[in-house]
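One letter stands for each residue in the lines below.
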Amino acid sequence: MATRDVVFPEGRQDLYNRNRYSPAVRANGFLFVSGQVGSREDGSPEPDLKTQVRRAFENLNAVLFAAGCAFEDVVDVTVFVVDPESNLETIWSVVPEFWGDAPYPALTGVGVSWLSGFHFEIKVVARLP
């Protein structure tokens, strides 16, 4: 069995080790990034929703950067939103700060009832440069 080619952003490996998953895995020219949330350095949720979304994107960008990628390399996005009826407008007001210009990546949005204290999670697939 081949060893996974795992990517760790600087300074957060202990958090991933504690929770027993990899932030991203390189495979066949793509980077598969685990869901990123708006966590503080200790892993706790950022209480303000807009700040939580910004932190989620910052955490995502740190993983992408560690692999030599940027958000422009993202081809597929899945977002998970707790109570999308109440939260989606606030979340989507922050997205343009990070999303970039068209053409946009493919997007799937999923409404969920629980994200371990978070209200937003984003996972992506990016092509490796």
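Our structure's up above, just so we're on the same page.
Bear in mind that the values here come from a model prediction, so they are computed numbers and not experimental data.

Asks: Describe in detail the overall build of the protein, supporting the description with residues and values.
Replies: A count of helices and strands for the protein gives four helices and six strands. The secondary structure elements of the protein, listed N-terminal to C-terminal, are β-α-β-β-α-β-α-α-β-β. The globule rule puts the C-alpha radius of gyration for 129 residues at 14 Å, and the 14 Å found for the protein is close to it. Summarising its shape, the C-alpha atoms of the protein cover approximately 45 × 35 × 25 Å along the three principal directions. Within the protein, the fraction of its 129 residues that count as buried is 39%. Accessible surface computed for the protein: about 7400 Å², of which carbon and sulfur atoms make up 50%.

Asks: Break down helix 3 (residues 84–94) for me, with residues and values.
Replies: All of the buried residues along helix 3 are N87, I91 and V94. Taken down its axis, helix 3 places every buried residue within 40° of arc, on the same side. Helix 3 presents E85 and E89 as exposed residues on the side facing more than 90 degrees away from its buried surface. Next to the buried residues of helix 3 lie helix 2 (49–66), strand 4 (74–82), helix 4 (96–99) and strand 6 (120–127).

Asks: Explain the packing of helix 2 against helix 3 residue by residue, including any values.
Replies: Two numbers describe how helix 2 lies on helix 3: the axes approach to 9 Å, and their chain directions differ by 50°. As judged from the angle between their axes, helix 2 and helix 3 are oblique. In this structure, helix 2 meets helix 3 at a crossing whose hand is right-handed. Each of L49, K50, V53 and R54 in helix 2 lies in contact with helix 3, whose residues at this interface are N87, T90, I91, S93 and V94.

Asks: Account for the environment of Q36, with residues named and values stated.
Replies: Assignment of secondary structure puts Q36 in strand 3 (residues 30–37). A polar side-chain atom of Q36 sits 3.1 Å from the main-chain carbonyl oxygen of S34.

Asks: Lay out a nonpolar patch on the surface with the relevant residues and their values.
Replies: A contiguous nonpolar patch, built from F30, F32 and V75 and spanning about 230 Å² of accessible area, is present on the exposed surface. Within the fold, F30 resides in strand 3. Given a relative accessible area of 33%, F30 falls into the partly exposed group.

Cut-offs applied
Residues numbered from 1 in each chain as written. Predicted model: local features only at pLDDT ≥ 70, side-chain atom pairs only at ≥ 80, totals over all residues. Heavy atoms only, no water. Helix = DSSP H or I, 4+ residues; strand = E, 2+ residues; numbered from the N terminus. Rg over C-alpha atoms; globule rule 2.2 N^0.38 Å. Buried < 20%, exposed > 50% of the residue type's maximum accessible area, 1.4 Å probe, protein only. Areas by Shrake-Rupley, 256 points an atom, 1.4 Å probe, with all protein chains shown as cover. Arc of directions from axis to C-beta. Contact = heavy atoms within 4.5 Å. Axes fitted to C-alpha atoms, helices over the stretch in contact; angles between N-to-C directions. Parallel < 35°, antiparallel > 145°, perpendicular 65-115°, else oblique. Left-handed = near helix turned anticlockwise from the far one by under 90°. Polar contact = N/O pair within 3.5 Å; in protein donor to acceptor, adjacent residues only side chain to side chain. Patch = residues over 30% accessible without salt bridge, like charges linked within 9 Å, V, L, I, M, F, W, Y side chains within 5 Å. Salt bridge = Lys/Arg side-chain N within 4 Å of Asp/Glu carboxyl O.

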